[in-house]
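Per-entry structural report
Chain residues, written in single-letter form:
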Amino acid sequence: MSFVGNCGTFTRGYKAMIMDVEFLYHLLYLLICALGLFVHEFFYSLLLFDLVYREETLLNVIKSVTRNGRSIILTAVLALILVYLFSIVGYLFFKDDFILEVDKLPNETLLPDRTEPGETMTGEFLYSDVCRAGSSDNCSSIIKKDQLVTEELEEENKEHTCETLLMCIVTVLSHGLRSGGGVGDVLRKPSKEEPLFAARVIYDLLFFFMVIIIVLNLIFGVIIDTFADLRSEKQKKEEILKTTCFICGLERDKFDNKTVTFEEHIKEEHNMWHYLCFIVLVKVKDSTEYTGPESYVAEMIKVR
């Protein structure tokens, strides 16, 4: 209510009040406070974003993404198109290479704990310290039960993630973009004896150069350049405020070897707050009592 009253929102009308960005901002924060009070305490944490709104440097960080949002979005669309194409190639030619390790939730029905009827003798036969007939191991190397269980668990913790084209797209998008070397870091390491070894090397390198190096760095470059421009604009504004008179535009060096210094000029002759007070006087004073200069200033204020 203090914000609405101080900004003259009531005198401007309801339409101007609804279209006011700051009024909507305060209204949103009021809504978040109500949600935190009546729904869940989590919503209170969203109020910390007020620091971003109040601090210009943090606000420039957000603007570095939003100012050139169209360029970033179009570059991201290009990245999605490339991911889609690489997913199709992977689905057609390298489907068996998409084998990823997964961490499954604990399962109570693992082999060592199975006690169902008929499985005890089978487990003893498969996992006991006996010599396997027909195996390549000689009878002096005994296969341990724990070793077999570990190998079977490792196989269970690996899944084929390219059974369908949709799963290929999800895998390439999720793991490929998050891996420093591209999708090749998470796929099966091929042997040089395989017929598609050369094609697989080209596939990994193309994804690394086209998506990781070129496209992602384009996005990062746009964001960094925009942030640098915003910082330069801020520094330029601060420099102008320190070295230029806000009223007449004369720079500091124009007052060298003069009887009036630059500091005396901006404090006494052209104090911007004196001008602001004069504008307030014109607004609150009855128009029938205007002097000549006051009438002129009032007319200039109307036409901005």
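Remember, it's a predicted structure, so these values are computed and weren't measured experimentally.

1. Considerations on the overall build of the protein
On a plain count of helices and strands, the protein comes out with 14 helices and two strands. For the protein, buried positions account for 22% of its 304 residues. A separation of at least 24 residues holds for 52% of the contacts in the protein among residues at least 6 apart in sequence. Carbon and sulfur atoms make up 63% of the accessible area of the protein, which amounts to about 22600 Å² in all.

2. A word on the UniProt feature "transmembrane region" (unreviewed entry) in the protein
Under the UniProt annotation, "transmembrane region" (unreviewed entry) lies at residues 27-52, 72-94 and 205-228. For the annotated span residues 27-52, helix accounts for 58% and strand for 0% of the residues, and the straight-line distance between the end C-alpha atoms is 17 Å.

3. So, the side chain of aspartate 50
Here aspartate 50 lies in helix 5 (residues 50-54). Engagement of the side chain of aspartate 50 in a polar contact is seen with the side chain of arginine 54, the distance being 2.4 Å. Leaving out residues up to four positions away in the same chain, aspartate 50 has contacts with Tyr25 and Tyr29.

4. Points about the packing of aromatic side chains
As enumerated under the stated definition, the model contains nine aromatic pairs in all. Ring geometry for phenylalanine 86 and phenylalanine 207: centres 5.2 Å apart, planes at 85°, overall edge-to-face. Of this pair, phenylalanine 86 sits in helix 7 (residues 69-93) while phenylalanine 207 sits in helix 11 (residues 197-243); the two residues are 121 residues apart in sequence, bridging distant segments of the chain. Since its relative accessible area comes to 9%, phenylalanine 86 is described here as buried. Members of the aromatic cluster, joined through ring pairs, are Phe86, Phe93, Phe94, Tyr203 and Phe207.

5. Side note on the state of the cysteines
Within the structure shown, the criterion is met by one disulfide. Through a disulfide, cysteine 162 is tied to cysteine 168; the S-S separation comes to 1.5 Å. In this structure cysteine 248 is not part of a disulfide, and its nearest cysteine sulfur, from cysteine 245, lies 3.5 Å away.

6. Looking at the nonpolar core
Across soluble globular proteins, you tend to see nonpolar side chains buried next to one another. The biggest cluster of nonpolar side chains holds 19 residues, and the ones touching the most others in it are Phe98, Val172, Val183, Leu187, Tyr203 and Phe207. Mapped by element, the contributors of at least two residues to this core are helix 7, helix 10 (165-178) and helix 11. With six residues, the top contributor of residues to this core is helix 11. Ignoring any residue separated from it by four or fewer positions in sequence, one finds phenylalanine 98 in contact with Gly90, Glu159, His160, Thr161, Cys162, Thr171, Val172, Leu187 and Tyr203.

7. With respect to the environment of aspartate 229
Tracing the chain through its elements places aspartate 229 in helix 11. For the pair formed by aspartate 229 and serine 64, sequence separation is 165 residues and the distance between their alpha carbons is 8.7 Å.

8. Some details on helix 11
Note that an α-helix has 3.6 residues per turn; residues three or four places apart therefore point the same way. For helix 11, built from 47 residues, the straight-helix expectation of 69 Å at 1.5 Å per residue is met to within 8% by its first-to-last C-alpha distance of 66 Å. Where helix 11 bends most, at asparagine 217, the angle is about 30°. Those residues of helix 11 lying buried are Arg200, Tyr203, Asp204, Phe207, Val211, Ile212, Val215, Leu216, Ile219, Thr226, Leu230 and Lys234. Looking at the buried residues of helix 11, the elements they touch are helix 6 (56-66), helix 7 and helix 10.

9. Some words on the pattern of salt bridges
It is possible for side chains of opposite charge to pair when their charged atoms get near one another. Going through the model one piece at a time under the given rule, you end up with nine salt bridges. Linking arginine 188 and glutamate 194 is a salt bridge whose minimum nitrogen-to-oxygen distance equals 3.0 Å. On the basis of relative accessible area, arginine 188 is assigned to the partly exposed category, the value being 29%. In the salt-bridge network here, residues are joined through shared partners; they are Asp97, Arg188, Glu194, Arg200 and Asp204.

10. Focus on unusual backbone geometry
Positive phi, normally seen in glycine, also occurs at asparagine 257, with a value near 60°. As for its placement among the helices and strands, asparagine 257 is situated in the loop between helix 11 and helix 12 (262-269).

11. Here we look at a nonpolar patch on the surface
On the surface, Leu241, Phe246, Ile247, Met272, Trp273, Tyr275, Leu276, Val280, Leu281 and Val284 cluster together into a nonpolar patch covering about 1000 Å² of accessible area. Here the element with the most residues in the nonpolar patch is helix 13 (residues 272-284); it accounts for seven residues. Position of isoleucine 247 among the secondary structure elements: in the loop between helix 11 and helix 12. Overall, isoleucine 247 belongs to the partly exposed group, its relative accessible area being 31%.

Cut-off values and rules
- What you see as residue numbers is a count from 1 along each chain, following the sequence as written.
- Whole-chain, interface and lining totals are the exception, using all residues; otherwise, since this is a predicted model, local features are given only for residues with pLDDT of at least 70 and side-chain atom pairs are given and counted only at 80 or more.
- Hydrogens and water are ignored here; the side-chain numbers use all heavy atoms of the structure.
- Put simply, DSSP marks the helices as runs of H or I at least four residues long and the strands as runs of E at least two long, and each gets a number from the N terminus on.
- The cut-offs for exposure are 20% and 50% of the maximum accessible area for each residue type, with area from a 1.4 Å probe on protein chains only; residues under the lower value are buried, those over the upper are exposed, and the others partly exposed.
- For this analysis, residues touch if any pair of their heavy atoms sits within 4.5 Å.
- Here the open area of atoms and residues is found with the Shrake-Rupley method and a 1.4 Å probe, where only the protein chains shown may cover a residue.
- UniProt positions are given in the numbering used here, feature names are shortened, and annotations may be inferred rather than shown by experiment.
- The definition of a polar contact used here is a pair of N or O atoms within 3.5 Å, where within protein one atom must be able to donate a hydrogen and the other to accept one, and adjacent residues in sequence count solely through side-chain atom pairs.
- Here is the rule: rings of Phe, Tyr and Trp (six-membered ring for Trp) pair when centre to centre is within 6.5 Å. Planes less than 30 degrees apart are stacked, more than 60 are edge-to-face, and the remainder are tilted.
- By convention in this document, the label disulfide applies to cysteine sulfur atom pairs within 2.5 Å.
- Joining through side-chain atoms within 4.5 Å is the link that ties buried Ala, Val, Leu, Ile, Met, Phe, Trp, Tyr and Cys residues into a set, and such a set is a nonpolar core.
- To estimate how far a helix should reach, multiply one less than its number of residues by 1.5 Å.
- Two axes enter the definition of the bend at a residue: one is fitted to the seven residues ending there, the other to the seven starting there, and the bend is the angle between them.
- One speaks of a salt bridge when a side-chain nitrogen belonging to Lys or Arg is within 4 Å of a carboxyl oxygen belonging to Asp or Glu.
- Patch membership requires more than 30% relative accessible area and the absence of a salt bridge. Residues of like charge join within 9 Å; the nonpolar side chains Val, Leu, Ile, Met, Phe, Trp and Tyr join within 5 Å.

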